[in-house]
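Results of the structural survey
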Amino acid sequence: MAEDTATEDPGAPVRFMPQLIGLDYTIKTNPVAAAFGAALADGRITGHRCPSCQRVYAPPKGFCPICVVPTGEADLVEVADRGLVTSWTVLTPIQYAGQKEREDYALASILLDGADGTIGQQRLVDVPLDEIRMGLRVEAVWAPPDERVADDRGYGLGSAVSGWRPTGEPDAPPSAYQEHTL
Ligand SMILES: [Zn+2]
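This text gives an overview of the structure that appears in the document. All values reported here derive from a predicted model rather than from experimental measurement.

**Thoughts on the overall build of the protein**
- Helix and strand counts for the protein come out as one helix and 10 strands.
- Start at the N end of the protein and walk to the C end: the helices and strands fall as α-β-β-β-β-β-β-β-β-β-β.
- Against the 2.2 N^0.38 benchmark of 16 Å for 182 residues, the protein shows a C-alpha radius of gyration of 20 Å, more extended than a compact globule.
- Oriented by its inertia axes, the alpha-carbon framework of the protein measures out at about 70 × 40 × 35 Å.
- Taken over 182 residues, the protein has a buried fraction of 34%.
- The long-range share in the protein, meaning contacts at least 24 apart out of those at least 6 apart in sequence, stands at 57%.
- Of note, the protein has its 15 positive side-chain charges centred 5 Å away from the centre of its 26 negative side-chain charges.

In structure tokens form, the structure reads like this:
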């Protein structure tokens, strides 16, 4: 009978095998993402307002996917660095080699004041995990200016904002986020 490697005990502890690899990427930043990143380095979050439907996209896409119209510098707006939590996930970090996280932590989608869409994968700080809720008002904790590295592709906030902490304001009502929950 051939050696069978597929019958390993499924109840056995997971084994880890360290394997270090390096990957170099060259990403050509588009002008919209570059301008967004420059504003982030300056401590501002910008977006584009669609000239047709008035929706504000932050980060800007350079177009409105609903109206299928381009947006540009003429449509540039600044949105607040505060908003509300629309959804979140608590993560328990697996302690693999190189893992820097030790404690459970939460990532949230944040609906910024003045924007019509959420920014995902945002770290919540200064709030107990069991006190996180939809409608929780939060504000950006900006990284020091020399550490604000934007996401090359303009999809997120990169390392410009290190986390979001509660503002202490009353929770936003469900009507403020009901169209933005997952
Ligand atoms: Zn539109």
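**Overview of the coordination of the zinc ion**
- Taken together, the protein ligands of the zinc ion are Cys50 (SG), Cys53 (SG), Cys64 (SG) and Cys67 (SG), with distances of 2.3 Å.
- Metal-centred angles of 107 to 112° between the four donor atoms at the zinc ion mark the site as tetrahedral.
- Donor residues for the zinc ion, ordered by position in the chain, follow C-x2-C-x10-C-x2-C. With Cys53 in the loop between strand E1 (45-49) and strand E2 (56-57) and Cys67 in the loop between strand E3 (63-64) and strand E4 (69-70), the pair connects residues that are 14 residues apart, well separated along the chain.

**A look at the pairing of strand E5 (residues 76-79)**
- The side-chain alternation of E5 yields one buried face, formed by Val77 and Val79, and one unburied face, formed by Leu76 and Glu78.
- Pairing of E1 with E5 involves four bridges; the strand directions are antiparallel. Paired with Gly47 across the two strands is Val77, which belongs to E5.

**A short note on a nonpolar patch on the surface**
- On the surface, Val14, Phe16, Ile94 and Tyr96 cluster together to form a nonpolar patch covering roughly 460 Å² of accessible area.
- Within the secondary structure, Tyr96 is located in the loop between strand E6 (82-91) and strand E7 (105-112).
- According to the relative accessible area criterion, Tyr96 is partly exposed, its value standing at 42%.

**Quick word on the nonpolar core**
- Judged by nonpolar contacts, the single largest core of 25 residues is most densely connected at Ile45, Ile110, Leu112, Leu124 and Trp164.
- Elements supplying a minimum of two residues to this core: helix H1 (31-41), E5, E7, strand E9 (137-142) and strand E10 (161-166).
- Of all the elements, E7 adds the most residues to this core, at four residues.
- Excluding residues within four positions of it along the chain, Leu124 makes contact with Val85, Ala106, Ala108, Ile110, Ile132, Val138 and Trp164.

**A word on the environment of Gly83**
- With respect to the helices and strands, the residue Gly83 is situated in strand E6.
- Owing to a relative accessible area of 0%, Gly83 belongs among the buried residues under this scheme.
- Note: C-alpha distance between Gly83 and Gly98 (15 residues apart in sequence) is 33 Å.
- In this structure Gly83 touches Leu111, Leu112, Asp113, Leu136, Arg137 and Val138, once residues within four positions along its chain are discounted.

**Some words on the pattern of salt bridges**
- Using the criterion set out here, one finds nine salt bridges in the structure.
- A salt bridge links Arg137 to Asp113; the nearest nitrogen and oxygen atoms lie 2.8 Å apart. Of the two residues, Arg137 sits in strand E9 while Asp113 sits in the loop between E7 and strand E8 (118-123), which places them 24 residues apart along the sequence.
- Accessibility expressed as a relative area gives 11% for Arg137, which makes it buried.
- What you see here is one network of salt bridges that share partners, running through Arg82, Asp113, Arg137, Glu139, Arg165 and Glu169.

**Brief notes about the sheet that holds E6**
- With antiparallel pairing, the five strands of this open sheet are ordered in space as E8-E7-E6-E9-E10. Every interior strand has two partners, whereas the edge strands, E8 and E10, have only one. Recorded for the sheet is a direction-independent mean angle of 40° between the axes of neighbouring strands.
- Two strands pair when backbone bridges link them, and E6 and E7 are joined in this way by eight bridges, in the antiparallel orientation. Residue pairing across strands places Leu91 opposite Tyr105, the latter belonging to E7.

Cut-offs and rules
- Residues numbered from 1 in each chain as written.
- Predicted model: local features only at pLDDT ≥ 70, side-chain atom pairs only at ≥ 80, totals over all residues.
- Heavy atoms only, no water.
- Helix = DSSP H or I, 4+ residues; strand = E, 2+ residues; numbered from the N terminus.
- Rg over C-alpha atoms; globule rule 2.2 N^0.38 Å.
- Buried < 20%, exposed > 50% of the residue type's maximum accessible area, 1.4 Å probe, protein only.
- Contact = heavy atoms within 4.5 Å.
- Lys, Arg positive; Asp, Glu negative; His and termini not counted.
- Charge placed at Lys NZ, Arg CZ, Asp CG, Glu CD.
- Donors = N, O, S within 2.8 Å, 3.2 Å for Na, K, Ca; no water.
- Tetrahedral: all angles 85-135°; square planar, octahedral: opposite > 155°, others 65-115°.
- Pairing = 2+ DSSP bridges.
- Patch = residues over 30% accessible without salt bridge, like charges linked within 9 Å, V, L, I, M, F, W, Y side chains within 5 Å.
- Areas by Shrake-Rupley, 256 points an atom, 1.4 Å probe, with all protein chains shown as cover.
- Salt bridge = Lys/Arg side-chain N within 4 Å of Asp/Glu carboxyl O.
- Core = buried A, V, L, I, M, F, W, Y, C linked by side-chain atoms within 4.5 Å.
- Axes fitted to C-alpha atoms, helices over the stretch in contact; angles between N-to-C directions.

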